[in-house]
Amino acid sequence: MPDSLPSDSVGLVTPQTLHFDEPLKLACGQVLHSWDLVVETYGSLNQDHSNAVLICHALSGHHHAAGYHSPDDRKPGWWDTCIGPGKPIDTNRFFVVSINNLGGCHGSTGPNTVNPETGELYGPDFPVVTVQDWVNSQAVLADRLGIDCWAAVVGGSLGGMQALQWSISHPDRLKHAVVIASTPRLTAQNIAFNEVARRAITSDSDFHGGRYYEHNTLPRRGLMLARMVGHITYLSDASMGEKFGRELREQAYQFGYDAEFQVESYLRYQGERFSESFDANTYLLMTRALDYFDPAYETDNDLARAMAQANCEFLVLSFSTDWRFTPARSEELVNAMIAARRKVSYAEIDAPWGHDAFLIPTPRYNAIFSTYMARVAREVGA
Amino acid sequence: MRADLEIIQQWISPGSHILDLGCGDGTLLYYLKQERQTTGFGLEINPDHITECMNKGVAVIEQNLDTQGLSNFDDDSFDTVLMTQALQAVRRPDIVLDEMMRLGREGIVTFPNFAYWRLRWYLMSRGRMPESETLPHKWYNTPNIHLCTFRDFEALCREKNFRIRNRTVVDGEHQDHWLSRLWPNMLGQIAIYRITRGD
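The rules behind the values
Residues numbered from 1 in each chain as written. Chains lettered and ligands numbered in written order. Predicted model: local features only at pLDDT ≥ 70, side-chain atom pairs only at ≥ 80, totals over all residues. Heavy atoms only, no water. Helix = DSSP H or I, 4+ residues; strand = E, 2+ residues; numbered from the N terminus. Rg over C-alpha atoms; globule rule 2.2 N^0.38 Å. Buried < 20%, exposed > 50% of the residue type's maximum accessible area, 1.4 Å probe, protein only. Contact = heavy atoms within 4.5 Å. Areas by Shrake-Rupley, 256 points an atom, 1.4 Å probe, with all protein chains shown as cover. Lys, Arg positive; Asp, Glu negative; His and termini not counted. Charge placed at Lys NZ, Arg CZ, Asp CG, Glu CD. Salt bridge = Lys/Arg side-chain N within 4 Å of Asp/Glu carboxyl O. Polar contact = N/O pair within 3.5 Å; in protein donor to acceptor, adjacent residues only side chain to side chain. Pairing = 2+ DSSP bridges. Expected span 1.5 Å × (residues − 1). Patch = residues over 30% accessible without salt bridge, like charges linked within 9 Å, V, L, I, M, F, W, Y side chains within 5 Å. Core = buried A, V, L, I, M, F, W, Y, C linked by side-chain atoms within 4.5 Å. Axes fitted to C-alpha atoms, helices over the stretch in contact; angles between N-to-C directions. Parallel < 35°, antiparallel > 145°, perpendicular 65-115°, else oblique. Left-handed = near helix turned anticlockwise from the far one by under 90°. Nonpolar A, V, L, I, M, F, W, Y, C, P; charged D, E, K, R; others polar. pLDDT = per-residue confidence, 0-100. Phe/Tyr/Trp six-rings, centres within 6.5 Å; stacked < 30°, edge-to-face > 60°. Lys NZ or Arg CZ within 6 Å of the ring centre and 35° of its normal. Buried area = accessible area lost by both parts, 1.4 Å probe. Disulfide = S-S within 2.5 Å.

A tally of helices and strands in chain A yields ten helices and twelve strands. Taken against the 2.2 N^0.38 rule, which gives 21 Å for 382 residues, the C-alpha radius of gyration of chain A at 21 Å falls within 12% of a compact globule. Counting only C-alpha atoms and orienting by the principal axes, one finds that chain A spans roughly 65 × 50 × 50 Å. In chain A, which comprises 382 residues, the share counted as buried stands at 57%. Counting only contacts in chain A whose residues sit at least 6 apart along the sequence, the fraction spanning at least 24 positions is 71%. When the accessible area of chain A is evaluated, it comes to approximately 15,700 Å², of which 49% is carbon and sulfur surface. With 30 positive and 45 negative side-chain charges, chain A shows a separation of 4 Å between the mean positions of the two kinds.

Below you can see the structure in the form of structure tokens.
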């Protein structure tokens, strides 16, 4: 944390764990009878409970979206650039709810938590949950918090899919869905990258079929490789070029296979750090949730018919150099909304950082996001 | 209130689904939503205008008519397709008009008249490309790459078998004036056309 707290920070925040005994029926057929969600909130709920905004996280995200947990924290929450007083999601006006999804590894019920039925960690026995399951669990959370209708459900990437699913599954429980750098379904190429990541993990000899906790080990090499390949898809050729180019760590080629280029060393560092902090089973689960997401699956591949179930207004944003979920994917979604006569606004933001651009503030991104959310705030009397 | 908004509004039935090509800052769509409870979208490429549309609550799609076309919209998906002061700035006005008539039952088009007497006089007396309050750019940097006259436009509509249902000719401030009604192609600065398919 910086020595003095910036005035646009939500400051020190404390996550809370909410326990649920409402049975949650999952898409796979299993039922979670007892489950926890870890939640952070910023700002305060107004009297008529109309100013709540739900933040949905992406693959490796969690509930800690803004502010600091302790003065010693080096970095704030993962979306601190967009959440805070005076920021696009203005905590002076909105009550912001940010959660760790089921199957996550930051405290909510998932593979690395105890299965109450066995007293053991779930591990690989934790059911494969879907975006739809997450949204249903978030709806139960909304009930608990006394929120009948979100002012907006907001997310980037996999988070955007949740916002989209909300609009279809619970059309009268949100006024706006903000879908950033997302896609209505993964392409074969997207699934292929996920498969490489999963194979890296499952083929690690320390994986032990997902029961690595019992063996007191972690599939570090597999998770590291998974993160490395994932990380490449989050950046753009141009941004990697600008950051690393062909820069070497030493003066000259070493004629070996250690990390000689800066980009190699960067990827290894990122991968290693991630492999210590993230759960491999959760990584498998999150990538599978991505693969399965396809709201048009239920409407004979007619996305417009799927979108016709929605009632809310949409803001869809894409980034010019995002090659993971390209602007064309967002446009496909927007076109389906147009065909379904849903109210949608769309912009493609010029940004060099590839998929990661949704986490990085630029003047135009900030202007659009702030303007749109300010109108949402006016509409709901926040 | 801008006079052209008032005129266009009269041609829009309540609850219409409309598309505005080059919707600018969303003023027209916002006005029509208030006055006529319309739904629909604006297309725009100017970032500041797009943001302003969002501020007004006008649904705006970032889409470039020249490079992206309109193929993402279905046939007959709108009651009215609007294009105000943008026809002269697109790469192929004829194709855009075809598309307007494919997407909408009706089209409303406004554009500046290059045969307006001041422009004619400017060219004749100075021998240089005319500039005016309505057309303030230089020949080399103007976005208005396909200027035409009322007669040109009407000839194109005949060629395409589009029916001109209404035409209102106004001055630079969008005011109706008896002089511009008297001799439109000489004395009118801006025309507002309402067109439909001829069949």
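Structure's up, so let's keep going.
Before going further, it helps to spend a moment on the side chain of D73 of chain A. Residues and elements named next belong to chain A. For D73, the location among the structural elements is in the loop between β5 (52-56) and β6 (83-84). Within the buried set, D73 has no salt-bridge partner at all; the shortest N-O distance to an opposite charge, 9.0 Å, is to R74. For D73, the side chain forms a polar contact with the main-chain nitrogen of H69, separated by 2.7 Å. Contacts of D73, omitting those with residues within four sequence positions, involve M1, H64 and Y68.

Moving on to the pairing of strand β11 (residues 313-319) of chain A. All names here are of chain A. Buried residues dominate β11, accounting for seven of its seven residues. Across the two faces of β11 the burial is the same, with E313, L315, L317 and F319 and F314, V316 and S318 all buried. When strand β10 (residues 176-180) meets β11, the two strands line up parallel, connected through five bridges. In the strand pairing of β11, V179 is matched with V316. Where β11 and strand β12 (residues 344-349) come together, six bridges link them in parallel fashion.

So, on to helix α10 (residues 363-380) of chain A. Residues and elements named next belong to chain A. Helix length check: α10, at 18 residues, gives a terminal C-alpha distance of 26 Å against a target of 26 Å (1.5 Å per residue), a fit within 8%. All buried positions along α10 are accounted for by R364, Y365, I368, F369, T371, Y372, M373, R375, V376, A377 and V380. Where α10 ends, the next residue or the one after it, G381, has phi of about 70 degrees, a positive value.

Okay, a positive patch on the surface next. Together, R74, K75, K243 and R273 of chain A give the surface a local cluster of positive charge. Mapped onto the elements, R273 of chain A comes out in helix α6 (residues 262-277).

Next up on the list: the nonpolar core. Formed by 163 residues in total, the largest nonpolar core has its most connected members in W79, I89, M307 and M373 of chain A. In this view, M307 of chain A contacts L164, S167, I168, F314, L333, A336, M337, A340 and R342 of chain A; residues no more than four positions away in its chain are not counted.

To continue, consider the packing of helix α3 (residues 188-202) of chain A against helix α7 (residues 280-292) of chain A. Residue and element names in this part refer to chain A. At a minimum axis distance of 10 Å, the contact between α3 and α7 shows a crossing angle of 160 degrees. It follows that α3 is roughly antiparallel to α7 by the angle criterion. Read as a crossing pair, α3 and α7 show a hand that is left-handed. Where α3 approaches α7, its residues I191, N194, A197, R198, I201 and T202 are matched on the opposing element by A280, Y283, L284, T287, R288, L290 and D291. Grouping the constituent residues of the contact of α3 with α7 by class yields seven nonpolar, three polar and three charged.

Further remarks concern the pattern of salt bridges. Enumeration according to the criterion identifies 29 salt bridges over all chains in this entry. E276 of chain A serves as the salt-bridge partner of R220 of chain A, at 2.7 Å between the closest nitrogen and oxygen. A residue pair is termed long-range when its members are at least 10 positions apart, and R220 of chain A in helix α4 (residues 220-234) and E276 of chain A in helix α6 qualify at 56 residues. The partly exposed category is assigned to R220 of chain A, whose relative accessible area is 36%. Across the pair D94 of chain B and R92 of chain B runs a salt bridge, and its minimum N-O distance is 2.8 Å.

Scored by pLDDT, chain B has a mean of 93; 98% of the residues are at 70 or more. Interface predicted TM-score (ipTM) for the complex: 0.94; the corresponding pTM is 0.96.

Attention now goes to the packing of aromatic side chains. Given two aromatic rings, their pairing is described by the distance between the two centres and the angle made by the two planes. All names here are of chain A. Following the criterion strictly, the structure yields 26 aromatic pairs over all chains and no others. Each ring, one from F274 and one from F278, has its centre 4.7 Å from the other, and the planes form 15 degrees; the classification is stacked. As far as the burial class goes, F274 and F278 line up, both buried. Each residue in the set W78, W79, F319, F358, Y365 and F369 is aromatic and connected to the rest through ring pairs, giving one cluster. Between the NZ or CZ atom of R375 and the centre of the ring of Y372, over which it lies, the distance is 5.1 Å.

Opposite the 20 residues of chain B that make contact, chain A presents 21 residues. Between chain B and chain A, roughly 1,700 Å² of surface is buried when both sides are summed, and carbon and sulfur atoms account for 56% of that area. Our count for the chain B to chain A interface comes out at one salt bridge. Here E62 of chain B makes a salt bridge to R364 of chain A, at a shortest N to O gap of 2.9 Å. Counting across the chain B and chain A interface gives ten residue pairs in polar contact (both at pLDDT 80 or more). Where the side of chain B that touches chain A is concerned, the elements lending two or more residues are α3 (47-56) and β3 (60-62) of chain B. Among the elements that make up the side of chain B that touches chain A, the one with the highest residue count is α3 of chain B (six residues). Split into classes, the residues belonging to the side of chain B that touches chain A amount to nine nonpolar, seven polar and four charged.

A word on the state of the cysteines. What is meant by a disulfide is a covalent connection between two cysteines, made through their sulfur atoms. Applying the stated rule across the entire model yields zero disulfides over all chains. Free of any disulfide, C56 of chain A has its nearest neighbouring cysteine sulfur in C312 of chain A, separated by 12 Å. With no disulfide of its own, C53 of chain B lies 3.8 Å from the sulfur of C23 of chain B, the closest cysteine sulfur. What makes C53 of chain B buried here is its relative accessible area of 0%.

Along helix α5 (residues 93-103) of chain B, the residues classified as buried are P93, V96, L97, E99, M100, M101 and L103 of chain B. Those residues of α5 of chain B hidden inside the fold are in contact with β1 (17-21), β4 (78-84), β5 (104-112), α7 (150-159), β6 (162-170) and β7 (190-197) of chain B.

Here we come to a nonpolar patch on the surface. A contiguous nonpolar surface patch, about 480 Å² in accessible area, is contributed by W178, L179, L182 and W183 of chain B. The topology assignment puts W183 of chain B in the loop between α8 (178-182) and α9 (184-187).

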